[in-house]
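Here is what each chain is made of, one letter per residue.
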Number of protein chains: 2
Amino acid sequence: MRNIRIAVSYDGTTYHGFQTQPIGNTVQDVLEHAIRMLTGEQTSVTASGRTDAGVHARRQVINFETSSPIPVNRWALALNSWLPGDIVVLQADEVAPSFHASYNARRKTYRYGIDTSKFGDVFERNYRLHYPMPLRLQEMKAALAHVVGKHDFTSFASRRSTKTSHVRTILDARMEESEGKLDIFLTGDGFLYNMVRIIVGTLFWVGEGKLSADDFKRILEARNRTAAGPTAVAHGLMLWDVEYDD
Amino acid sequence: MRNIRIAVSYDGTTYHGFQTQPIGNTVQDVLEHAIRMLTGEQTSVTASGRTDAGVHARRQVINFETSSPIPVNRWALALNSWLPGDIVVLQADEVAPSFHASYNARRKTYRYGIDTSKFGDVFERNYRLHYPMPLRLQEMKAALAHVVGKHDFTSFASRRSTKTSHVRTILDARMEESEGKLDIFLTGDGFLYNMVRIIVGTLFWVGEGKLSADDFKRILEARNRTAAGPTAVAHGLMLWDVEYDD
C-alpha cells in the first residue's frame, strides 16, 4: 500500500465539520467519496486535526493509504475533478508508510478573522466575525502576548476536551490590523478543543474593557475554564497551515 | 416626497441580476422588499445601472422616493435589519428631488477579477474567473491601454445593446498583479451592455497569444462585435464604484 499525503483547502460554511458524523455532510465524507470515485477503494483519511462545523481551512493536511498506481503528480487534479467547488486539493505527495498527518504535525497555525467595518464586508461574511464596535487593540495585544510559551491551557479548553494533558506550547501569537480587518494568528505545537476560539472570546473581553491584560494572564494561570470568556463563533476561524519536519 | 440615495454592496452569486424580472429573486426585489418592510411603502428603486446574474457590487448606488420621516443617519442600519447577509447598505443620504442614480453618475469603475493560481483559491471561487494557464501580461497591458480615451465601443458591446450611441470615454484602464491574482480595473463615463466582459474576453485572446495588442486596437476600430473575443464569465465582474459630482 502507498501512503499519500494531500494538502487541501476548504470553505467550511456548508459542512458539519471535518470529521465523519452520523448526520453526514462532512469534509471527510466528501474527500473519501472523491477518493473512492477515483480509485474504486473505500478508504479512511487521517487529518492533522478535525475542524468544527463552519470552520475553514486555508491549508489542512491529510493522509490515506491506497493501492492505486496513479502517479503522485496527478492526484491533485484528478481528485479536484471529483470534488465540489468549496473543497480544493492543493498538492499531493507520497510519504513513508509511518507518516501520520496528526501525530507527525510539528506546528499548526490558525487565523481568527474579524471584520471591524461598520456594516461588514459582504464578501467576507462567512470568513470573519463582524464586530464593528471599538476595541482596545493595545491591551488585546498585551493580553495575547501572555499565551506565548509553554502553558497549561485548561482555562482555554472546552470542558469536552478528552486530552490527558492540557500543556501546549504557543510559538507565535500576533494581531494584524488593516482597513476594516483584524487578524489574530496563533502558531503552536498543538491546540486543545476550542482553544483558539476561547482565547479569542476572552481577548474580546479585554478589547471591550471587561478585563485587563493582567486579568487575562491570571485567567490563563487559573487553569479553570469558567474564568475565561465565551467561545468565539466558528466561522471566523481558519486552519491556516500545518507544518511537518520532512 | 424625499429622495434617498443609498450605497449598497452585494454578492450577486445567488441572484438573477440587479433588475426586477418575471423570474424573481433579484437584488432590486430584495431591496424594495426591505424598504416596504421598513416604511410600509411600495417603491421602485433606481440604480446607477443594472448588473447581470452572478455579477457583484462592491459599491452600487441607488435612489428612491419615500414619505417616511426616518432620519437619514438611521436608514443604513434599519434597512440592513431587513436584508439578507449577501446585501449590505453601506451609507445613506438625502439628495435633491432631481437626483437620479443613473443619469447623474459621472464615473463608474468595474473590476474584473482573475485567479491565476494552479487550483484556485476556494474563498474567491465566486468572485474571480479561475485561469491557471500562462498569460502574456505585458501584451495584455499594451492592448488594454488602447481602450483609454473616447471611442465607439460597438466591437465590445453585446448585440443586444439598445443604445443609440456606442461612444463612451474610458478614463482609466489598468491591470494589477499579485500572488495568484490578476485584477483589471476600468473607469469610464459609462459602459455598454457586456462591455467590460467582452473587453476582458478579448484581452484573454491577447494573453493566450491568439491576438497581438495591435490586433486588439484594430478590433476596437472595426466597430464590429464579431471581430472581438467572447464575453468573459459573469462571476469575475464587480461594480467597484460609482461617482457623482455632489
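Note that this is a predicted model, so its numbers are computed, not measured. Counting restarts for each chain, with residues numbered from 1 along the sequence as it is written. As they are written, the chains are lettered A onward and the ligands numbered 1 onward, keeping that order. Predicted model: local features are reported for residues with pLDDT of at least 70 only, side-chain atom pairs are reported and counted for 80 or more only, and whole-chain, interface and lining totals are derived from all residues. To obtain the side-chain values, all non-hydrogen atoms of the structure were included, while hydrogens and water were left out.

## A look at the layout of surface pockets
- Estimated volume of the largest pocket: approximately 1,400 Å³.
- Put simply, DSSP H or I for four residues or longer makes a helix, DSSP E for two residues or longer makes a strand, and each gets a number counted from the N terminus. For the lining of the largest pocket, the secondary-structure elements that each account for two or more residues are strand 3 (56-66), strand 5 (107-115) and strand 10 (237-243) of chain A together with strand 3 (56-66), strand 5 (107-115) and strand 10 (237-243) of chain B.
- As a working rule, the residues Ala, Val, Leu, Ile, Met, Phe, Trp, Tyr, Cys and Pro are called nonpolar, Asp, Glu, Lys and Arg charged, and the rest polar, with Gly in that last group. For the lining of the largest pocket, the residue count by class is 14 nonpolar, nine polar and 20 charged. Note on definitions: the grid is 1 Å and covers protein atoms alone; a cavity is a set of points where a 1.4 Å probe fits but cannot get out; a pocket is an open set with protein on both sides within 12 Å along at least five of seven lines; lining residues have an atom within 4 Å of a point. Grid points are joined across faces, edges and corners, and a volume is the space filled by probe spheres set on the points.

## Here we look at the packing of helix 4 (residues 195-207) of chain B against helix 5 (residues 213-222) of chain B
Residue and element names in this part refer to chain B.
- Contact geometry of helix 4 with helix 5 gives a least axis separation of 9 Å together with a crossing angle of 150°. Between helix 4 and helix 5, the angle is such that the two are roughly antiparallel. Of the two possible hands of crossing, helix 4 and helix 5 adopt the one that is right-handed. Contacts between helix 4 and helix 5 involve Ile199, Thr202, Leu203 and Val206 on the former and, on the latter, Ala213, Phe216 and Ile219.
- Of the residues in the contact of helix 4 with helix 5, the class split is six nonpolar, one polar and no charged. Each axis is a line fitted through C-alpha atoms, and for a helix only the stretch in contact is used; angles between axes span 0 to 180 degrees, taken between their N-to-C directions. Just so you know how the angles are binned, under 35 degrees is roughly parallel, over 145 roughly antiparallel, 65 to 115 roughly perpendicular, and the rest oblique. The hand of a helix crossing depends on one turn: near helix anticlockwise from the far one by less than a right angle means left-handed, and clockwise means right-handed. Pairs of residues are marked as contacts when any of their non-hydrogen atoms sit within 4.5 Å.

## Here's the deal with the pairing of strand 5 of chain A
Residues and elements named next belong to chain A.
- Only protein chains enter the accessibility calculation, which uses a 1.4 Å probe; a residue is then buried when its area is under 20% of its type maximum, exposed when over 50%, and partly exposed in between. A large share of strand 5 lies buried, amounting to eight of its nine residues.
- Pairing between strands is defined by DSSP: at least two bridges between them are needed. By the bridge criterion, six bridges tie strand 5 to strand 10 in an arrangement that is antiparallel. Across the sheet, residue Lys108 finds its bridge partner in strand 10, namely Val242.
- Direction of pairing for strand 5 relative to strand 9 (residues 181-188): antiparallel, over a ladder of eight bridges. In the strand pairing of strand 9, Ile114 is matched with Leu182.
- Here two bridges tie strand 5 to strand 6 (residues 129-130), and the two strands are oriented parallel to one another. If you follow Ile114 over to strand 6, its bridge partner there is Leu129.

## Focus: helix 1 (residues 27-39) of chain A
Residue and element names in this part refer to chain A.
- Look at helix 1: 18 Å from first C-alpha to last across 13 residues, which is about the 18 Å you get at 1.5 Å a residue.
- Those residues of helix 1 that fall on the buried side of the exposure criterion are Val27, Gln28, Val30, Leu31, Glu32, Ala34 and Ile35.
- Next to the buried residues of helix 1 lie strand 1 (2-10), strand 3, helix 2 (75-80) and strand 4 (87-95).
- Directly beyond the C-terminal end of helix 1, a positive phi value near 80° is found at Gly40. Given a helix with a known number of residues, its expected span is that number minus one, times 1.5 Å.

## Quick notes on the relation of the copies chain B and chain A
- Here the copies are matched by least squares. The fit uses the C-alpha atoms of residues with pLDDT of at least 70 in both. Mapping chain B onto chain A leaves a residual RMSD of 0.0 Å; the transformation is a rotation of 180° accompanied by 0.0 Å of translation along its axis. The superposition operator between the copies reduces to a two-fold rotation axis.
- Most of the interface of chain B is mirrored in chain A, where 100% of its interface residues again form contacts.

## So, the interface of chain B and chain A
- Facing 22 residues of chain B, the contacting portion of chain A comprises 22 residues.
- Take the accessible area each of two parts loses on contact, using a 1.4 Å probe, and add the two losses: that sum is the buried area. At the boundary of chain B with chain A, total buried surface from both sides reaches about 1,500 Å², with 70% on carbon and sulfur atoms.
- Sorting the residues of chain B by area buried against chain A places Phe119, Val122 and Phe123 of chain B first, and these three jointly supply 45% of that buried surface.
- Here, a salt bridge means any Lys or Arg side-chain nitrogen found within 4 Å of an Asp or Glu carboxyl oxygen. Where chain B touches chain A, the interface holds two salt bridges.
- The closest approach of N and O atoms between Arg125 of chain B and Asp11 of chain A, which form a salt bridge, is 3.1 Å.
- Here a polar contact is taken to be a pair of N or O atoms separated by no more than 3.5 Å, where protein atoms must pair a possible hydrogen donor with a possible acceptor and residues adjacent in sequence count only if both atoms sit in side chains. If you look at where chain B meets chain A, you find two residue pairs in polar contact (both at pLDDT 80 or more).
- When contributions to the side of chain B that touches chain A are tallied by element, the ones reaching two or more residues are strand 1 (2-10), strand 3, helix 2 (75-80) and strand 4 (87-95) of chain B.
- If you tally residues by element for the side of chain B that touches chain A, the top one is strand 4 of chain B, at four residues.
- Split by residue class, the side of chain B that touches chain A holds 13 nonpolar, five polar and four charged.

## Remarks on the environment of Ser98 of chain B
- Within the secondary structure layout, Ser98 of chain B lies in the loop between strand 4 and strand 5.
- Measuring from C-alpha to C-alpha, the distance between Ser98 of chain B and Asn3 of chain B comes to 8.4 Å, with 95 residues separating the pair along the chain.

## Comments concerning unusual backbone geometry
- Despite not being glycine, Asn25 of chain A has its phi angle at roughly 55°, a positive value.
- Along the chain, Asn25 of chain A falls in the loop between strand 1 and helix 1.

## Looking at helix 4 (residues 195-207) of chain A
Residues and elements named next belong to chain A.
- Its 13 residues give helix 4 an end-to-end C-alpha distance of 18 Å, which sits within 8% of 18 Å, the value for a rise of 1.5 Å per residue.
- Counting buried positions along helix 4 yields 12 of 13 residues, so the element is predominantly enclosed.
- Inspection of helix 4 places Met195, Val196, Arg197, Ile198, Ile199, Val200, Gly201, Thr202, Leu203, Phe204, Val206 and Gly207 among the buried residues, and these make up the whole buried set.
- Positive backbone phi, at 90°, marks Gly209, one or two positions downstream of helix 4.

## Considerations on the packing of aromatic side chains
- Note on aromatic pairs: the rings of Phe, Tyr and Trp (six-membered ring only in Trp) are paired at centre separations within 6.5 Å, and the planes decide the class, stacked below 30 degrees, edge-to-face beyond 60, tilted for the rest. In this structure the tally under the stated criterion is 16 aromatic pairs over all chains.
- Between Phe123 of chain A and Tyr127 of chain B the ring centres are 5.1 Å apart and the planes differ by 75°, which places this aromatic pair in the edge-to-face class. One end of the pair, Phe123 of chain A, is in the loop between strand 5 and strand 6; the other, Tyr127 of chain B, is in the loop between strand 5 and strand 6 (129-130), on a second chain. The pair formed by Phe123 of chain A and Tyr127 of chain B is uniform in burial state, with each residue classed as buried.
- Whether a charge lies above a ring is judged from NZ of Lys or CZ of Arg, which has to be within 6 Å of the ring centre and within 35 degrees of the ring normal. Above the plane of the ring of Tyr244 of chain A lies Arg5 of chain A, whose end atom (NZ or CZ) is 5.5 Å from the centre.

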